[in-house]
Amino acid sequence: MPAMAAGGELQLLGCWYSPYAIRAKVALGLKGLSYEYIEQDLFSKTDLLLKSNPVHKKVPVLIHGGRPVCESLAVVQYVDEAWPWTGPPLLPAGAHDRATARFWAAFIDDDKFFQPWRRLMRSTTGEQRAEAFKNVVPQFEILEQGFMECSKGKAFFGGDAIGLADIALGSFLLWFKVVDEVSGTRLLDEAKFPGLAAWAERFLAVDAVREAMPEFQRLLVHYKGFLAGLASSAAPAAG
């Protein structure tokens, strides 16, 4: 039974296909918190979103007792700190382990990792995909090593249970899969990245994660439409 949020009503502004909104959903689900989910159209932003996140105007925004918390990793850490008595801790107790978890979560959002994958995700030709994939692989090699060091031989980046770095990377797993489906790539290849490949299966098997993820076929259709729009905008005008 979901726990009620103490200190007032809890709302989440999100978008169904946003990996960043998925992070917030996973954190709330792991903590067993009940909340009102308010879907946002990112091409026609509501006054509530613009008022709640006037700086970035992005999802997710967690509104707790009328006060907004913006940016996905900040939301995950807020959920962990605001409700320490329910669900598993999302950050470890030790200062060094907490700093390590924050480091890998930040790495996943850093341009060095995210931008090469974004180029792959936005590639519309075979040549573009081959070049982008070549640049993504070294970043996953770093993550494979990071997982081995961070997990200390256990199931997750967070050890025995899902933590901040797991949520940061895991929110992209379905996106990795739809990009692989379209581009013919295999990012989490078991031979190249055995640790990450096994981790991904464990992560996606957790109930709170499954409930937060969009349906694969729906995301695939959305992604193909996104690529079609990119290809169309890049095509030279006739005449």
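Residues numbered from 1 in each chain as written. Predicted model: local features only at pLDDT ≥ 70, side-chain atom pairs only at ≥ 80, totals over all residues. Heavy atoms only, no water.

(A) Inspection of the pattern of salt bridges at higher detail. The final tally for this structure, using the stated rule, is eight salt bridges. Ionic pairing is found between Arg 23 and Asp 109, a salt bridge with its closest N-O pair at 2.8 Å. Linking Arg 23 in helix H1 (residues 19-30) with Asp 109 in helix H4 (residues 95-109), this pair joins segments that are 86 residues apart in sequence. Given a relative accessible area of 28%, Asp 109 falls into the partly exposed group. A single network of salt bridges, built from pairs that share partners, joins Arg 186, Asp 189 and Glu 190. (Salt bridge = Lys/Arg side-chain N within 4 Å of Asp/Glu carboxyl O. Helix = DSSP H or I, 4+ residues; strand = E, 2+ residues; numbered from the N terminus. Buried < 20%, exposed > 50% of the residue type's maximum accessible area, 1.4 Å probe, protein only.)

(B) Structural view of the UniProt feature "domain: GST C-terminal" (unreviewed entry) in the chain. Under the local residue numbering, the UniProt record ascribes the feature "domain: GST C-terminal" (unreviewed entry) to residues 94-226. Each end of residues 94-226 is marked by a C-alpha atom, and these two atoms are 43 Å apart; helix forms 74% of the span and strand 0%. (UniProt positions renumbered as here; feature names shortened; annotations may be inferred.)

(C) Expanded view of the packing of H4 against helix H6 (residues 126-151). Interaxial distance between H4 and H6 falls to 12 Å at its minimum, and their mutual angle equals 165 degrees. Considering the angle they form, H4 stands roughly antiparallel to H6. In this structure, H4 crosses over H6, and the sense of that crossing is left-handed. Of the residues in H6, those touching H4 at Thr 100, Trp 104, Phe 107 and Ile 108 are Gln 139, Ile 142, Leu 143, Gly 146 and Cys 150. In terms of residue class, the contact of H4 with H6 is built from six nonpolar, three polar and no charged. (Axes fitted to C-alpha atoms, helices over the stretch in contact; angles between N-to-C directions. Parallel < 35°, antiparallel > 145°, perpendicular 65-115°, else oblique. Left-handed = near helix turned anticlockwise from the far one by under 90°. Contact = heavy atoms within 4.5 Å. Nonpolar A, V, L, I, M, F, W, Y, C, P; charged D, E, K, R; others polar.)

(D) Molecular detail of the environment of Arg 122. Relative to the elements of secondary structure, Arg 122 occurs in the loop between helix H5 (111-121) and H6. Since its relative accessible area comes to 33%, Arg 122 is described here as partly exposed. Through-space distance from the C-alpha of Arg 122 to that of Leu 62 is 29 Å; in sequence the pair is 60 residues apart. The contact partners of Arg 122, leaving out residues within four places of it in the chain, are Phe 226, Leu 227 and Leu 230.

(E) Molecular detail of the side chain of Ser 52. In this fold, Ser 52 is placed in helix H2 (residues 47-52). Looking at Ser 52, the relative accessible area reads 8%, which means it is buried. Polar contacts involving the side chain of Ser 52 include one to the main-chain carbonyl oxygen of Leu 48, which spans 2.6 Å. Setting aside residues no more than four positions away along its own chain, Ser 52 makes contact with Leu 13, Val 61, Ile 63, Pro 68 and Cys 70. (Polar contact = N/O pair within 3.5 Å; in protein donor to acceptor, adjacent residues only side chain to side chain.)

(F) Fine view of H1. The first and last C-alpha atoms of H1 sit 16 Å apart over twelve residues, in line with the 16 Å expected at 1.5 Å per residue. Burial of H1 is extensive: ten of the twelve residues sit out of reach of the surface. Those residues of H1 that fall on the buried side of the exposure criterion are Pro 19, Ala 21, Ile 22, Arg 23, Ala 24, Lys 25, Val 26, Ala 27, Leu 28 and Leu 30. Following H1 by one or two positions, Gly 32 adopts a phi angle in the positive range, close to 70 degrees. (Expected span 1.5 Å × (residues − 1).)

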